[in-house]
Amino acid sequence: MGHTFDAPGSRTSDPELHDAPRPGAEQRSVAEAPGAGHHPRKDIQALRALAVGLVVVYHFWPTLLPGGYVGVDVFFVISGFLITGALVRRPPTGLRGLGDFWARRVLRLAPAVAVTLLVSLLTIICVLPLVEWRSGAEHALTSMLYVENWRLISDATDYLRADGTPSPFQHFWSLSVEEQFYLGWPLLIGLVAILSARLRAPFRSSLGVCIAAVTLASFAYSLLISWSQPSLAYFSTPARIWELGLGGVLAIWGSQVRRPSRTAAAVMAWSAVAAMLAAALLLDDGSVFPGWNALLPTLGAALFILAGDPDGRLSLRGVTHAGPVQLVGNISYAIYLWHWPMLLLLPPVLGLDESTWLKLLLLPLVVALSWVSTRFVEDRFRAAPGSRNVGRRGLVVLLVTTGLVVSLCLAMLAWVDREAEESGQRLAQLSSTTLEPTCLGAGALDEALSCPDTDELITSPEFIRTDIPSSIVDGQCLNWPPFGDLVSCEVGETEGPTKRIGLYGNSHAGHWQPALEAIAEEHGWQVDTFVMGMCQPIIDSDRSPGVLPDNYAQCDRLGGEILDQLTSGGYDLVVMSTMDHHPTEPDAYVDTIERLTGAGVPVLTVRDTPAPLDPEVDTSLCLSRNPDDWDACGGTPAEWIRQDPLYDAAKAMGDPMVTTADLNEHLCREEQCDPVIGGVIVYADPNHMSATLNRTLAPYLEPHVVRALRSGH
């Protein structure tokens, strides 16, 4: 997971975000609103250094600090504290005030973001294979537009992207959250300022109540969805606003807290550091987050700020005021921007694998590049106190930086699309319009065809990424949690078909759609898809260890609706297939098959197909990186062909209305499962066949379908 924040530079800070000086007198408040003319508080700079250190260590060595991602929560509190303090001091009650605030945010953040994205994109172009350009360009685009968090939510809930390779820009999600916060927060504060003046109500107290209400509402929402929808909870702005709001509450109400004694303040600071470190050490990627668990680092950060940088015998100043700590704090924003792209992109640039020694060498390089970025990019564009024409400068910088990044991204996407289109054209010229087997695709393993070996890729890696049947695409023909109304698609001859066939199972039934569609078009039949994600085609989902308990009720409801349609909809055949590699007893599938045959509908069960099933094994990417060694991307039948309790149940039933088909001999040789067969890449992702390869299996599936249809008469 990636994290970001707002941090001042090393010398000339944003005038809106100067930190309050440490109160020195007993009667002064502990947390004062930032004011112009002051230098950054050294304790907050140290807090930034701690937070960025947690994030970097987590990304470089996740097992060493499994909860280091909480560094972003610390930064959210810091940003909420500083931004709220600045806006309280000068509430934007008009368009000019809002424009100047947003312009300063642009000048503060956009240049460094644009430089990071442009350099990283150029590195991708020069070093990485073309198949990786699309992901890089798409994530860079959403990062520059500050909606990367919503892109990651979409990817996490997209069945085909959930296990995708990491993007060099996915850490921009939290910067997106903050920019969305910067858009709405000044509007809220300005509105409260206007209403308070009209109603003659105390502005600070009114604002404190409003921010507290927003914070509590966001926290309640975070608690609500952290268990049920963890990806949405982690990345969504509404579920994270409470952390920034906590800093805002501190900025407003902290000024009412009298400064404690030096000893008490030192204890507060030590306790705060202990809380943040405990969160980083005790939490991990499996922890429910944010939710209740996020209270530990956020309250720790708030307590550290509230302590007010105390001096004295127990003070942390010996550490927090140290030069190296202050340096890291001063360039923490740049460190965050650069560390993740460097970790992902520098090893392929150097032709090396990731290792502990390489990561140790990367750390000083990250610090050095971050210092250069801060000195020559951030500080060059930052609006100085008293600057004129801030709004105009901000608009120009926004247009130029966004225009450069967007233009490069669109050019990369156009290049990838052109390559994929050329692959599609080559395929169209070679594809057969009949069900006669050819040497294209699966037919290459047919000994009767005596096909010559080929080292030509007909379907390119760029093409294969989108070579996916609609039946396994969420939003098209795939039923995917949270389930709504049943989704089914009709293919083949949909007007006056002579036969109706239902395709039922999970996504490994869905990837048979292209072959069945080709067969249906040849014979004038119709195929209706009934494909469920996260479920199995069994009547009682609790009998399948692979179905999550939270999905039992929804899977049973959806499966019941499907069976009702298949048994009463005039179907001539149901083709079933599924991927179930959990210890499910074959008997669990018998009830489903008997429900169909009892209604007079014959069943053809197709054995599950071989696949890597490893998110780290991306066939298209592997082939791009090993163009001269396709075997490096393959596997063995023992590794890739797994159990299939549905197929076993069907074979054991001995019912003449239940037939089976095993076509894996057309996908694997005796000792090798190839990633490319007959010039066609076999897998669109780590577990689904490409639509093109599956279509070439139609000649071998057709006899089984015809025989199964006859069994019903």
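Treat the numbers as computed from the prediction; the structure is a model and nothing was measured.

Here we come to the overall build of the chain. The helix and strand tally for the chain stands at 26 helices and nine strands. In summary, the chain has a C-alpha radius of gyration of 30 Å against a globular reference of 27 Å for 713 residues, a match within 12%. On the principal axes, the C-alpha backbone points of the chain span a range of 95 × 50 × 45 Å. Residues counted as buried form 55% of the 713 residues belonging to the chain. Summing over all exposed atoms, the chain offers an accessible surface of approximately 28900 Å²; the carbon and sulfur share of this is 58%. Of the charged side chains in the chain, 47 are positive and 77 negative; the average position of the first set lies 21 Å away from that of the second.

Looking now at the side chain of Asp644. Locating Asp644 in the fold gives a position in the loop between α23 (637-640) and α24 (645-653). Although Asp644 lies buried, it forms no salt bridge, and the closest oppositely charged side chain, Arg607, sits 4.7 Å away as judged by the N-O distance. Of note is the side chain of Asp644, whose polar atom sits 2.7 Å from the backbone nitrogen of Asp608. Dropping the residues within four chain positions of it, Asp644 is found in contact with Thr578, Val606, Arg607 and Asp608.

So, about a negative patch on the surface. Residues Asp455, Glu456, Asp628, Asp629 and Asp631 make up a contiguous surface patch of negative charge. With a relative accessible area of 79%, Asp628 lands in the exposed category.

With that out of the way, let us pick up the packing of helix α3 (residues 95-127) against helix α6 (residues 173-199). It is the contact of α3 with α6, at a shortest axis distance of 10 Å, that shows an interaxial angle of 170°. Classified by the angle their axes make, α3 and α6 are roughly antiparallel. Contacts between α3 and α6 involve Leu98, Phe101, Trp102, Arg105, Leu109 and Val113 on the former and, on the latter, Leu175, Glu179, Tyr182, Leu183, Pro186 and Leu187. Among the residues making up the contact of α3 with α6, the classes are represented as ten nonpolar, no polar and two charged.

Here we take up the pattern of salt bridges. Note on pairing: side chains with opposite charge can pair once their charged atoms come close. On inspection of all chains with the given rule, the structure shows 20 salt bridges. In this structure, Glu378 and Arg108 form a salt bridge, with 3.1 Å as the shortest nitrogen-oxygen distance. With Glu378 in helix α15 (residues 356-381) and Arg108 in helix α3, this pair connects stretches of sequence that are 270 residues apart. The residue Glu138 makes a salt bridge to Arg151 at a minimum N-O spacing of 2.9 Å. With Glu138 in helix α4 (residues 133-144) and Arg151 in helix α5 (residues 148-157), the pair connects residues that are 13 residues apart, well separated along the chain. The exposure class of Arg151 is buried, given its relative accessible area of 13%.

We now examine the environment of Gln554. Structurally, Gln554 is set in helix α20 (residues 552-568). Gln554 sits 72 residues away from Pro482 along the chain, and the two C-alpha atoms are 8.1 Å apart. Ignoring anything within four residues of it in the chain, the contact list for Gln554 reads Pro482 and Phe483. Looking at Gln554, its side chain comes within polar contact range of the main-chain nitrogen of Phe483, at 2.9 Å.

Turning next to the packing of aromatic side chains. The full count for this structure, using the stated rule, is 17 aromatic pairs. Judged by centre distance (6.3 Å) and plane angle (80°), the rings of Trp371 and Phe376 are edge-to-face. A relative accessible area of 38% places Trp371 in the partly exposed class. Owing to a relative accessible area of 42%, Phe376 belongs among the partly exposed residues under this scheme. One aromatic cluster is present, formed by Tyr58, Tyr69, Phe76, Trp173, Tyr234, Phe235 and Phe289 through successive ring pairs. Arg105 extends its terminal NZ or CZ atom over the ring of Tyr182, reaching a point 5.5 Å from the ring centre. The side chain of Arg418 reaches across the aromatic face of Trp415, ending 4.4 Å from its centre.

A separate point is empty space enclosed by the protein. What the rule picks out here adds up to one cavity of 30 Å³ or more. For the largest cavity, the calculated volume is near 40 Å³. As for the largest cavity, its lining consists of Asp43, Ala269, Phe304, Asp309, Pro310, Ser315, Leu316 and Thr320. Considering only residue class, the lining of the largest cavity consists of four nonpolar, two polar and two charged.

On to unusual backbone geometry. Excluding glycine, residues mostly have negative phi values, and the peptide bonds linking residues are mostly trans. A cis geometry characterises the amide bond from Phe289 onward to Pro290, with omega recorded as 10°. Its location among the elements puts Pro290 in the loop between α10 (262-282) and α11 (295-307). Of note, the amide linkage connecting Pro481 to Pro482 takes the cis form, showing an omega dihedral of -5°. Residue placement: Pro482 occurs in the loop between β1 (478-479) and β2 (490-492).

Averaged over every residue, the pLDDT of the chain is 89; residues scoring 70 or more account for 93%. Within the model, the stretch residues 1-16 combines pLDDT values under 50 with 84 contacts to residues more than four positions away or in other chains.

So, on to a nonpolar patch on the surface. Among the surface-exposed residues, Leu327, Val367, Trp371, Val372 and Phe376 lie close enough to one another that they form a single nonpolar patch of about 400 Å² accessible area. Along the chain, the position of Leu327 falls in helix α13 (residues 323-330). On the accessibility criterion, Leu327 (36% relative accessible area) is partly exposed.

Here we come to the layout of surface pockets. Empty space within the second largest pocket amounts to approximately 440 Å³. Contributing to the lining of the second largest pocket are 22 residues, with Ser432, Thr433, Thr434, Ala518 and Arg695 lying nearest its centre. Among the secondary structure elements, those contributing two or more residues to the lining of the second largest pocket are α19 (513-523), α25 (691-695) and α26 (698-710). The biggest single contributor to the lining of the second largest pocket is α19, with five residues. Here the residues of the lining of the second largest pocket are counted per class, giving nine nonpolar, eight polar and five charged.

Following both chains from N to C, one finds helix α7 (residues 203-228) and helix α9 (residues 241-253) inclined at 155°, their axes separated by 8 Å at the closest point. Viewed along their axes, α7 and α9 adopt a mutual orientation that is roughly antiparallel. The chirality of how α7 crosses α9 is left-handed. Facing α7, whose interface residues are Arg204, Ser205, Leu207, Gly208, Val209, Ile211, Ala212, Val214, Thr215, Ser218, Phe219 and Ser222, α9 presents Ile241, Trp242, Gly245, Leu246, Gly248, Val249, Ala251, Ile252 and Trp253. Of the residues in the contact of α7 with α9, the class split is 13 nonpolar, seven polar and one charged.

Our focus in this paragraph is the state of the cysteines. Working definition: the covalent bond between the sulfur atoms of two cysteines is a disulfide. On inspection of all chains with the given rule, the structure shows five disulfides. Between the sulfur atoms of Cys535 and its disulfide partner Cys555 the distance amounts to 1.9 Å. The disulfide joining Cys535 to Cys555 has a torsion of about -80° about its S-S bond and is therefore left-handed. One end of the pair, Cys535, is in the loop between β4 (526-532) and α20; the other, Cys555, is in helix α20, and 20 residues separate them in sequence. The same class applies to Cys535 and to Cys555, which are both buried. Put simply, Cys668 and Cys673 are joined by a disulfide, and their sulfur atoms are 1.9 Å apart. Across the S-S bond linking Cys668 and Cys673, the dihedral sits near 100°, which makes this disulfide right-handed. Note on accessibility: Cys668 and Cys673 belong to one class, buried. Each bonded cysteine of the chain is numbered by sequence order, and under that numbering the disulfide pairs are 1-2, 3-4, 5-6, 7-8, 9-10. Counting only cysteine sulfurs, Cys409 is the nearest neighbor of Cys126, a cysteine outside any disulfide, at a range of 15 Å.

The rules behind each value
Residues numbered from 1 in each chain as written. Predicted model: local features only at pLDDT ≥ 70, side-chain atom pairs only at ≥ 80, totals over all residues. Heavy atoms only, no water. Helix = DSSP H or I, 4+ residues; strand = E, 2+ residues; numbered from the N terminus. Rg over C-alpha atoms; globule rule 2.2 N^0.38 Å. Buried < 20%, exposed > 50% of the residue type's maximum accessible area, 1.4 Å probe, protein only. Areas by Shrake-Rupley, 256 points an atom, 1.4 Å probe, with all protein chains shown as cover. Lys, Arg positive; Asp, Glu negative; His and termini not counted. Charge placed at Lys NZ, Arg CZ, Asp CG, Glu CD. Salt bridge = Lys/Arg side-chain N within 4 Å of Asp/Glu carboxyl O. Polar contact = N/O pair within 3.5 Å; in protein donor to acceptor, adjacent residues only side chain to side chain. Contact = heavy atoms within 4.5 Å. Patch = residues over 30% accessible without salt bridge, like charges linked within 9 Å, V, L, I, M, F, W, Y side chains within 5 Å. Axes fitted to C-alpha atoms, helices over the stretch in contact; angles between N-to-C directions. Parallel < 35°, antiparallel > 145°, perpendicular 65-115°, else oblique. Nonpolar A, V, L, I, M, F, W, Y, C, P; charged D, E, K, R; others polar. Phe/Tyr/Trp six-rings, centres within 6.5 Å; stacked < 30°, edge-to-face > 60°. Lys NZ or Arg CZ within 6 Å of the ring centre and 35° of its normal. 1 Å grid on protein atoms, 1.4 Å probe; cavity = no way out; pocket = protein on both sides within 12 Å on 5 of 7 lines; lining within 4 Å. Points joined across faces, edges and corners; volume = space filled by probe spheres on them. pLDDT = per-residue confidence, 0-100. Left-handed = near helix turned anticlockwise from the far one by under 90°. Disulfide = S-S within 2.5 Å.

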